[in-house]
Amino acid sequence: MQLKYLELEIVNSMKITMKKKEALSAWVFLMPSLVGFVIFVFGATIVSLLISFFDWDMLTPAKFVGLGNYLKLLKSDSFFLVLRNTVIFVIGTVPTRVIFSLLLALILVKKIPGRAFFRSAIFLPVAASTVAVAMIWRWIFNADFGLLNDFLYRIGISQLPQWLINPNWALMALIIFSVWKDVGFSTVIFMAGLEGIPDTLYEAGEIDGASSWIKFWKITLPLLSPTTFFVVVLNLISSFQVFDQAYVLTGGGPAYATTTIVYYIYNYAFQRFKMGYACATAWILFAIIFVITIIQFKNQKKWVYYI
Amino acid sequence: MIKRSILTKNNSTFFKSIKNKKVSGNIYSLGRLKMSKIVLFIIMCFVALFMLVPFFWSFSTSVKTAGEVFEYPPKWIPQSIHWENYSQVWEVAPFGQYLLNSTVVSVMVTILTLVTASLAAYAFARFKFRGRDFIFMLYLGTMMIPSQVTMIPNFIFIKLLGWTDTYTGLILPNVFTALGVFLLRQFFMTIPKEYEDAAKIDGASRFHIYLHVILPLSIPALSTLAVFTFVFQWNNLMWPLIVVNKDIMKTLTLGLASFQGMYSTNWNLLMAAAVMGIIPSFAIFVLGQKYLIKGITFSGIKG
């Protein structure tokens, strides 16, 4: 009896040391990543929030202003201008990219000749660096010698847009470029989604005599809706963060017509060194993206079907 | 699980298509091609043209003389090929140095990401320890935070340490992303535990198992993460823009952007620079398209 109890004790304590040893080695595995995360992600996020409550130019001591930066931001005309620019950009790019990429994916999952080539052609701009291809499009958008205006002239348009020079057209140019650049990204996701729909459903539909139009609306679209949801959310998030193409194509101009929220953050932080104000803007951007994503997730119940 | 099912699914459609071919003979012969497929093919030709013309146009401009660039109507094929535009670009800006910097930064970020993320993912997938799920949720939560939120404190931190204009400053803050940890953890979870048990009975340490059992079985996931991280870093503009001042430390994207600032209307030189900026991307594209697509379908670029 005594011996058995002792045995149990020993086994138990062995189990505990084993558990401790396991936990210890787990932390060793986790450590390199965790240290980096604590500094560059978790820590940086908290510090960013703190800085947003200060007025700080990195040279003179920081001055606590409470919510001052946020209030200033929400009252400033310039912030509403860049918010407006960004929202127009999002409205211009997201639906266009989603619809075009869905259409392209629907075509590309069919066995048309040259399918692999077409897929690569659409995907190529996604892999290329935004800076390099934006340089090319700056040349294409050139009002006097650009390829685009030459094409428009040939098809009989006489009032040629002054793409990157005119404030009204510059944002449009940015939208066209961004659709061209990133349509392949969503196409690839849609293609994977389409390939995941079981063939048996289409076969069942055929037996019931459904036309391809009915099959598209009653089988493809509902079953693809989780993918569509995913594509919409990803596109919304990335469009709100647009910067690279604006930096190269227009430099935020003319007259701030293409200054987006991220461009505004960049200007305030690294041109004017208003670190507090820039951090506050970054948090407002975070809040906007967060709210829109939450709304999407709430809304998905209405139109997303999970099998 | 997901990956495997996609794999088998692809295989089955692949075999089916072979079968179909046998049944219907040569399905690509024009006679049997359905009208709708011809229409779709023509539409796709226009789409491909729209996608590829900018690349061709930039190359065509890059070998023209300064005068020929502004000729009307624009010529698709230049009168004579002027390769010297490329050497001229190479002379006025240190593009070799830019290329080297981009390579060093992208390769190092990729290696460090793979090492730290796979170690952490193994801890999350295979160990029991207090706070595991909480920390993992924290990791996942950071995927929501836009990089603009952390970029300013990280810049200040790098500046305080005197790491601006250094490789360390360019590399380190870009290594820690939740996406890699998440992707690898999900993959590790699908590896049957029996593989590890066999090694455990032989008395192998956990690190030995990680190195010799888990990693070799995860090469598809690791390659996906590697290509993904590399391309993302290669194209990164914002971070080099804020931590680099010296010309000699510029990455290719930043070098291109500042080159454009200096030669804003020398279109033939600008296009030569753009072509040089695109060639490495083309190479990555040819080598890694499969993995890039896998990475995108897994969860999409965060950024």
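Each chain has its residues counted from 1, running along the sequence as written. Whichever chain is written first becomes A and whichever ligand is written first becomes 1, with later ones labelled in order. Residue-level local features of this predicted model are given only where pLDDT is at least 70; pairs of side-chain atoms are given and counted only at 80 or more, and the full residue set underlies all totals for whole chains, interfaces and linings.

1. So, the overall build of chain B
Keep this limit in mind: Here a strand is any run of E in DSSP of at least two residues, a helix any run of H or I of at least four, and the numbering for each starts at the N terminus. Burial in this document is a count-based property: other C-beta atoms within 10 Å of a residue's C-beta are tallied, and the residue is buried at 20 or more, exposed at 12 or fewer, or partly exposed in between, with C-beta positions derived from the backbone. By the convention adopted here, residues are in contact when the distance between their C-beta atoms, placed from the backbone, does not exceed 7 Å.
Counting secondary structure elements, chain B contains 15 helices and zero strands. In chain B, buried positions account for 43% of the 303 residues. The long-range fraction of contacts in chain B, counting pairs at least 24 apart against all pairs at least 6 apart in sequence, stands at 74%.

2. Let's talk about the overall build of chain A
Here is the rule we go by: To get the radius of gyration, use the C-alpha atoms; to get the globule rule, take the number of residues to the power 0.38 and multiply by 2.2 Å.
Counting secondary structure elements, chain A contains twelve helices and two strands. Along chain A, from the amino end to the carboxyl end, the secondary structure elements read α-β-β-α-α-α-α-α-α-α-α-α-α-α. Taken over C-alpha atoms, the radius of gyration comes to 27 Å for chain A, far larger than the 19 Å a tight globule of 307 residues would show. Once the C-alpha set of chain A is aligned to its principal axes, its extents read approximately 100 × 75 × 35 Å. Taken across its 307 residues, chain A has 40% of its residues classed as buried.

3. Let's talk about the nonpolar core
Stated precisely, the cut-off is as follows: By convention in this section, buried Ala, Val, Leu, Ile, Met, Phe, Trp, Tyr and Cys residues joined through C-beta atoms within 7 Å make up a nonpolar core.
Within the largest apolar cluster, 160 residues are counted, with the highest numbers of intra-cluster contacts made by Ala120(B) and Ala274(B). Tallying contributions element by element places helix 15 (residues 267-299) of chain B first for this core, with 16 residues. The contacts of Ala120(B), once residues within four sequence positions are left out, are Phe29(A), Leu30(A), Ser33(A), Leu34(A) and Val181(B).

4. Focus on the interface of chain B and chain A
Note the cut-off: In this count, Pro and Cys sit with the nonpolar residues alongside Ala, Val, Leu, Ile, Met, Phe, Trp and Tyr, while Asp, Glu, Lys and Arg are called charged and the others, Gly among them, polar.
At the interface, 72 residues of chain B touch 74 residues of chain A. Top element by residues in the side of chain B that touches chain A is helix 15 of chain B. It accounts for 14 residues. Tallied by class, the residues present in the side of chain B that touches chain A amount to 50 nonpolar, 17 polar and five charged.

5. Describing the domain arrangement of chain A
Rules: In this document the domain limits rely on a domain assignment from an automatic tool or a database.
Domains assigned within chain A are domain 1 (2-51) and domain 2 (69-303). The C-alpha centroid of domain 2 of chain A is placed 43 Å from the C-alpha centroid of domain 1 of chain A.

6. A word on helix 11 (residues 261-270) of chain A
With eight of ten residues buried, helix 11 of chain A is to be regarded as a mostly interior element. The complete set of buried residues in helix 11 of chain A reads Ile261(A), Val262(A), Tyr263(A), Tyr264(A), Ile265(A), Tyr266(A), Tyr268(A) and Ala269(A). Packing partners of the buried residues in helix 11 of chain A comprise helix 3 (77-108), helix 9 (212-240), helix 10 (244-249) and helix 12 (275-303) of chain A together with helix 7 (147-160) of chain B.

7. Observations concerning the packing of helix 2 (residues 68-75) of chain A against helix 12 of chain A
Residues and elements named next belong to chain A. The condition is simple: Each axis is a line fitted through C-alpha atoms, and for a helix only the stretch in contact is used; angles between axes span 0 to 180 degrees, taken between their N-to-C directions. Each angle is binned into one of four classes, with values under 35 degrees roughly parallel, values over 145 roughly antiparallel, values of 65 to 115 roughly perpendicular, and all other values oblique. Each crossing gets its hand from how the near helix is turned against the far one by less than a right angle, where anticlockwise is left-handed and clockwise is right-handed.
Where helix 2 contacts helix 12, the two axes come as close as 9 Å, and the packing angle between them is 70 degrees. The orientation of helix 2 relative to helix 12 falls into the category roughly perpendicular. For the pair helix 2 and helix 12, the crossing hand works out as right-handed. Contacts between helix 2 and helix 12 involve Asn69, Tyr70, Lys72 and Leu73 from the former and Gly276, Tyr277, Ala280, Thr281 and Ile284 from the latter. A per-class count over the contact of helix 2 with helix 12 returns five nonpolar, three polar and one charged.

8. Thoughts on the domain arrangement of chain B
Residue and element names in this part refer to chain B. Domain annotation for chain B reports domain 1 (2-88) and domain 2 (93-299). On the side of domain 2, nine residues touch domain 1, which itself brings twelve residues to the contact. Going through the elements one at a time, helix 2 (35-62), helix 3 (66-69) and helix 4 (84-92) are the ones with two or more residues in the side of domain 1 that touches domain 2. With four residues, the top contributor of residues to the side of domain 1 that touches domain 2 is helix 2. For the side of domain 1 that touches domain 2, a count of residues per class yields four nonpolar, six polar and two charged.

9. Considerations on unusual backbone geometry
In this structure, the amide linkage connecting Gly253(A) to the following residue, Pro254(A), adopts the cis form with an omega of -10 degrees. Relative to the assigned elements, Pro254(A) resides in the loop between helix 10 and helix 11. Although it is not a glycine, Tyr256(A) sits at a positive phi angle of roughly 60 degrees. Tracing the chain through its elements places Tyr256(A) in the loop between helix 10 and helix 11. Judged by local crowding, Tyr256(A) falls into the partly exposed class, with 16 C-beta atoms found within 10 Å. The phi angle at Asp165(B) is positive, at roughly 60 degrees, despite the residue not being glycine. Note that Asp165(B) resides in the loop between helix 7 and helix 8 (167-171). The exposure class of Asp165(B) is partly exposed, given the 15 C-beta atoms found within 10 Å.

10. Examining the environment of Glu9(A)
Residue placement: Glu9(A) occurs in helix 1 (residues 2-51). Taking C-alpha positions, Glu9(A) is 67 Å from Ser178(A), a pair spaced 169 residues apart along the chain.

11. A few points about the packing of helix 3 of chain A against helix 9 of chain A
Residues and elements named next belong to chain A. Relative to each other, helix 3 and helix 9 sit at 150 degrees, their axes nearing to 9 Å. Considering the angle they form, helix 3 stands roughly antiparallel to helix 9. As helix 3 packs across helix 9, the resulting crossing turns out to be right-handed. For the pair formed by helix 3 and helix 9, the contact residues are Thr86, Phe89, Val90, Thr93, Val94, Arg97 and Val98 on the first element and Val231, Val232, Asn235, Leu236, Ser239 and Phe240 on the second. A breakdown of the residues in the contact of helix 3 with helix 9 according to their chemical character gives eight nonpolar, four polar and one charged.

12. Quick notes on the environment of Thr110(B)
Residue and element names in this part refer to chain B. Tracing the backbone shows Thr110 in helix 5 (residues 95-126). Among the residues examined, Thr110 registers 23 C-beta atoms within 10 Å and is labelled buried. What Thr110 contacts, discounting residues up to four positions off in sequence, is Ala226, Thr229, Phe230 and Gln233.

13. A word on the confidence of the model for chain B
Residues and elements named next belong to chain B. Selection criterion: How sure the predictor is of each residue is captured by pLDDT, a score from 0 to 100.
Mean pLDDT over chain B works out to 84, with 87% of the residues at or above the 70 mark. Within the model, the stretch residues 1-29 combines pLDDT values under 50 with ten contacts to residues more than four positions away or in other chains. Interface confidence for the predicted complex, given as ipTM, is 0.87, next to a pTM of 0.86.

14. Notes on the confidence of the model for chain A
Residues of chain A with pLDDT of at least 70 account for 98%, and the chain-wide mean is 89. Here helix 1 of chain A stands out as the element of chain A with the lowest mean pLDDT, 84, in contrast to helix 3 of chain A, whose mean of 95 is the highest.

15. Description of the environment of Gln162(A)
For Gln162(A), the position within the fold is in the loop between helix 6 (147-154) and helix 7 (167-195). On a C-alpha basis, the gap between Gln162(A) and Phe240(A) in space is 25 Å, while along the polypeptide they are 78 residues apart.

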